[in-house]
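Here are the chains, one letter per residue:
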Amino acid sequence: MSHPTMGRRERKKAATRQAIADAALHLFLERGYDEVGIREIADAADVSTTTLFKHFPVKEALVFDEDSGQEARLLAAVRERPEGQSIPAALREHALTTRVAAGEGGDARFAAFADLVARTPALRDYAQNMWLRHAAALARVIAEESGLATDDPVCGALAHFALEAPRAAYTHENPREAIVRAFDLLEHGWSRQLSGTRRR
């Protein structure tokens, strides 16, 4: 049984991390990423720079504070999918409920965040590297769940397109419809690939 103080400590750490991330994003959106210094962010969050760097080792990570959580939820969508549900179907549901939903409803803050990343080279590079990490982790889990080799290119391809489809859908008038159609294509291709693999 865990000690009750451990729960409080973890909650306090999470609250501090969230306060830092919120302060950083507020300042970045207000003045621009390159115009805001680390000390300013620490002061706004009422923490020391040492504390800030304990939670966020690099400045770019302040913008993508949900990186590890997003990856964990992505992998869980595959590992914990209902019995009988295909991997593409599980990834489609994940995309619809977590990624596309975040940008729906004309959320001005989400649009401002996306614009901040798009116009800041350092953030674009960080986002791309994060995307590649998530794709590699997803490919490994797809391979594990499908009984395929970890370096099987079809696992990497499915991971790549499953992550790319929501990004591409953002520019469409109806992102949900675009997601569903894209994953229908992935579903058919994945099913045929698995059938061919099992016949060999």
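In this report, we go over the structure that sits alongside the text.

About the thresholds
- Residues numbered from 1 in each chain as written.
- Predicted model: local features only at pLDDT ≥ 70, side-chain atom pairs only at ≥ 80, totals over all residues.
- Heavy atoms only, no water.
- Helix = DSSP H or I, 4+ residues; strand = E, 2+ residues; numbered from the N terminus.
- Polar contact = N/O pair within 3.5 Å; in protein donor to acceptor, adjacent residues only side chain to side chain.
- Contact = heavy atoms within 4.5 Å.
- Buried < 20%, exposed > 50% of the residue type's maximum accessible area, 1.4 Å probe, protein only.
- Axes fitted to C-alpha atoms, helices over the stretch in contact; angles between N-to-C directions.
- Parallel < 35°, antiparallel > 145°, perpendicular 65-115°, else oblique.
- Left-handed = near helix turned anticlockwise from the far one by under 90°.
- Nonpolar A, V, L, I, M, F, W, Y, C, P; charged D, E, K, R; others polar.

Section: the side chain of His134
Locating His134 in the fold gives a position in helix α7 (residues 121-146). Looking at His134, its side chain comes within polar contact range of the side chain of Asp67, at 2.7 Å. In this structure His134 touches Asp67, Gln70, Glu71, Leu74 and Leu163, once residues within four positions along its chain are discounted.

A look at unusual backbone geometry
Positive phi, close to 60°, is recorded for Asp46, a residue that is not glycine. With respect to the helices and strands, Asp46 occurs in the loop between α2 (38-45) and α3 (49-55). Asp46 sits in the exposed class, given a relative accessible area of 72%.

Considerations on the packing of helix α4 (residues 67-79) against α7
The relative placement of two packed helices is expressed as an angle between their axes plus a distance between the axes. The contact between α4 and α7 brings their axes to 10 Å, and the two run at 25°. The pairing of α4 with α7 is recorded here as roughly parallel in orientation. Where α4 crosses over α7, the two elements pack in a sense that is right-handed. Contact with α4, carried on its side by Asp67, Gln70, Glu71, Leu74, Leu75, Val78 and Arg79, involves Tyr126, Met130, Arg133, His134, Ala137, Leu138, Val141, Glu144 and Glu145 of α7 and no other residues of that element. Within the contact of α4 with α7, the residues separate by chemical class into eight nonpolar, two polar and six charged.

Comments concerning the packing of α7 against helix α8 (residues 153-169)
Put simply, α7 and α8 touch, their axes get as near as 8 Å, and they point 135° apart. It follows that α7 is oblique to α8 by the angle criterion. α7 and α8 meet at a crossing whose hand is right-handed. Facing α7, whose interface residues are Gln128, Trp131, His134, Ala135, Leu138, Ala139, Ile142 and Ala143, α8 presents Cys155, Gly156, Leu158, Ala159, His160, Ala162, Leu163, Glu164 and Arg167.

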